[in-house]
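For reference, the chains in residue letters:
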Amino acid sequence: MFASVEETIKKLEEQKYIASKEIATTVYLALKLEKPVLVEGPAGVGKTELAKCIASALNIELIRMQCYEGLDESKALYEWEYAKQLLYTQILKDKLSEIMGSESSLSGAVSKLTAAEDVFFSEKFLIPRPILKSITKNERSVLLIDEIDKSDSEFEAFLLEVLSDFQVTIPEIGTFKTDVKPFVILTSNSAREMSDALKRRCLHLYIDYPTIELEEKIVGLKVPESGERLTRQVVETVHRIRKLQLKKEPSISETLDWAKALVILGYEDLDPKIATETLNFILKYEKDIELAMKHSKDIFLN
Amino acid sequence: MEKQPYINRKLFDFIEVLRDADIVISADEVLSLFTALPEIDIADKVSFRQALKTTLVKDYTDIPVFDKCFNEFFSGREKLFDNIDVSAVASLIANSNPHLIEELNDLLDQFLDSLGDLVMERSSEELLNMFLEELLPSSSGGAGGMSIFKSNNSIASSFQSMAEEDGQENLRQGIDELLRGMLSLKKTKRSIGKELKNREDYLLNRYIYQLTPDEIKEMRELVKRFGQKLKNRISLRKKRVKHGGIDIKRTFRTNLQYGGVPFKLFYKNKKIDRPQLVIMCDVSRSVNQYSRFMLLLTYSLQSLFSKVRTFAFISNMVEITDLFREMDPERAINSMFSDENFTYGWGSNYGRCFNQFVAEYSDALTRKTSVLVLGDARNNDNDPGIESFKKIKERCRNLFWLNPDKKHLWDWSDSIASLYGAYCTEMKEVNNFLDLSEFIDKLFVDI
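This is a predicted model, so every value here is computed, not measured. (Residues numbered from 1 in each chain as written. Chains lettered and ligands numbered in written order. Predicted model: local features only at pLDDT ≥ 70, side-chain atom pairs only at ≥ 80, totals over all residues. Heavy atoms only, no water.)

(A) Main features of the pattern of salt bridges. The full count for this structure, using the stated rule, is 26 salt bridges over all chains. For the salt bridge of E7 of chain A with K11 of chain A, the shortest nitrogen-to-oxygen distance reads 3.1 Å. Here K11 of chain A and E7 of chain A lie together in helix α1 (residues 5-14), a separation of four residues that amounts to about one turn. Exposure remark for E7 of chain A: the relative accessible area of 22% places this residue in the partly exposed category. Residue K11 of chain A is classed as partly exposed on the basis of its relative accessible area, which comes to 28%. Notably, a salt bridge pairs K32 of chain A with E39 of chain B, separated by 3.8 Å at the nearest N-O pair. With K32 of chain A in helix α2 (residues 21-33) and E39 of chain B in the loop between α2 (27-36) and α3 (45-56), this pair bridges two chains. In this structure K32 of chain A comes out as partly exposed when scored by relative accessible area, which is 35%. Its relative accessible area of 29% is what places E39 of chain B among the partly exposed residues. (Salt bridge = Lys/Arg side-chain N within 4 Å of Asp/Glu carboxyl O. Helix = DSSP H or I, 4+ residues; strand = E, 2+ residues; numbered from the N terminus. Buried < 20%, exposed > 50% of the residue type's maximum accessible area, 1.4 Å probe, protein only.)

(B) Spatial organisation of the environment of E72 of chain B. Residue and element names in this part refer to chain B. With respect to the helices and strands, E72 occurs in helix α4 (residues 63-73). The exposure class of E72 is partly exposed, given its relative accessible area of 44%. Sequence spacing of E72 and T188 is 116 residues, and the spatial spacing of their C-alpha atoms is 9.2 Å. Filtering out sequence-adjacent residues up to four positions away, E72 remains in contact with K189 and I192. (Contact = heavy atoms within 4.5 Å.)

(C) Spatial organisation of the sheet that holds strand β8 (residues 183-188) of chain A. All names here are of chain A. The strand order across the open sheet built from five strands is β2-β5-β8-β1-β9, with neighbouring strands paired in parallel fashion. Both edges of this open sheet fall to β2 (61-66) and β9 (203-206), since each of them pairs with a single strand only. When the angles between neighbouring strand axes are averaged without regard to direction, this sheet yields 20 degrees. (Pairing = 2+ DSSP bridges. Axes fitted to C-alpha atoms, helices over the stretch in contact; angles between N-to-C directions.)

Quick look at the structure:
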């Protein structure tokens, strides 16, 4: 656990994650209140990274679940291992007939079999999927439900039960309940709106592109080889580019890539010529590159 | 800790403000705010704001509204003393007990609460007089005030004594000023949300072509926010629609437990074809403003459609899809007018343009296409080109005409609205932003 908002920032920074005070406040509160966090924002601002860094800062396990269209309970919660059940039934055939053998009446055989039924529907034949895993684990973990907006609304409804009670019912075995609630982080790229019920249960965090100062800090931390001068030039240029009407704005990871590439290429200064030559590191569409070239006078100042 | 109740009341006021501004806040959220607050240092503005934001605002499109309200609401103190003779107030505070301001503050809050909605209807001056009357019942000769003030007798009596003492004229004035300042500040604060909302409603309901340049600037933000909301809503609804073929993979997997006998069937969600859209905009002077907005909105909704082709016309039909792909809609529209081929001739000629469309662009029409025509159907007595218009109708799924003119003006002067209207799926009077978004919303239900 983090002791305060400031410590949250510090601990995350040790994991090489620069959190703004806003981010840190929400994370700190969510941990304190044991509430899930719904993180939204444009792609590539470090939503998933945040979850990873919280896990390693707190030194607890990260359980990740990637959402996609058609994801259902059996993939998210648990599944019976049918093949194993069948195999075991085959192997144990002798043993079974041994138990049943002495029984003459059909109803007697059934009741004997029922008595042994529990064997096949026990945890031995259960494959725990991420959510069950995070609940049955008796220590704190970070449960990352990534890109929840890609899942179906049925799945979202099912998540509600988990998020409010942190308990899971398996009809054949019983209810699993946890004393130590996992810290749940849901991320969304806003491909669709989440239901109000889900939002009500979560704290909400919107991460936007960082400010120039923050992004400089991030680049400085992740790509220390690039000097202060180059870092500043790169970040300022990226910020100017983001102001254009682009198909896809360069994300933080692309800023980092660019800085790394420039270091590898041995440049210490970002002059317009180099910048335009390496523009494809941050802009992924031909049209965007053309647009940036058109405005090159306003963008590449150095 | 003793300040807690005051802060709480202030927060409830703020929550009211947010609700007035149309942000949905449930009891759950209020509860989590109050469990969160003790955990953070509320003197730290950034943390405080984020704690409020993270617990109360769940829709990121509401964040700008929240920020506006927050800044207005919690930037109080300095403004309070703006119009007040500071020296009078200072001597007042020096002469009386140090908690005077706080106590007055509490009294004012109680007073305003007891009035409810009346607060918004009265001017600050009226409110001040009412308040003083309540506080100093004897001075107005009236008998007895509200019970809340009786329980606060100490302050009332000290007040009274001050007021009655001779030679304290300027002190009394100081109090009045202070109260006036506090009252009007409180009044503005309580109405922040309502005013934002009123402003939005005003803009959304206003005739698009009557908007002033400043309002248009304001609208742009609004259109973006509303477009996003609309988009979210539509995409949520789209997911809900079901029915389709059997989902083999899932059916097999589930029925393994029955030895492969398909007891339970699962169906695929039917993929709904995203509609294709062809927009034809009349951009002649009479409807220019209108078309701009329509284009702006459809542009922000583009990802909902599988294909959008945009055409603009006055007397020539020109495809502007590529223009929109290259630059932001505002600039695209402006650059359109520098195209000579396009601005040739003055006054709309619908007939000629429809003929051109059929001849050159009919490949844009399929059974999945919805066609939107934006214009006032004022054809300047040209040939209406009905044959071509019929052809367009035959070849697309549905054909809507959005007409900015009021219904009783259709067919007036050179408008031939009902002539075209007869061949449309529907001709609709749409002249403000709300109608427009409603229409687009409906477009997705019909499909």
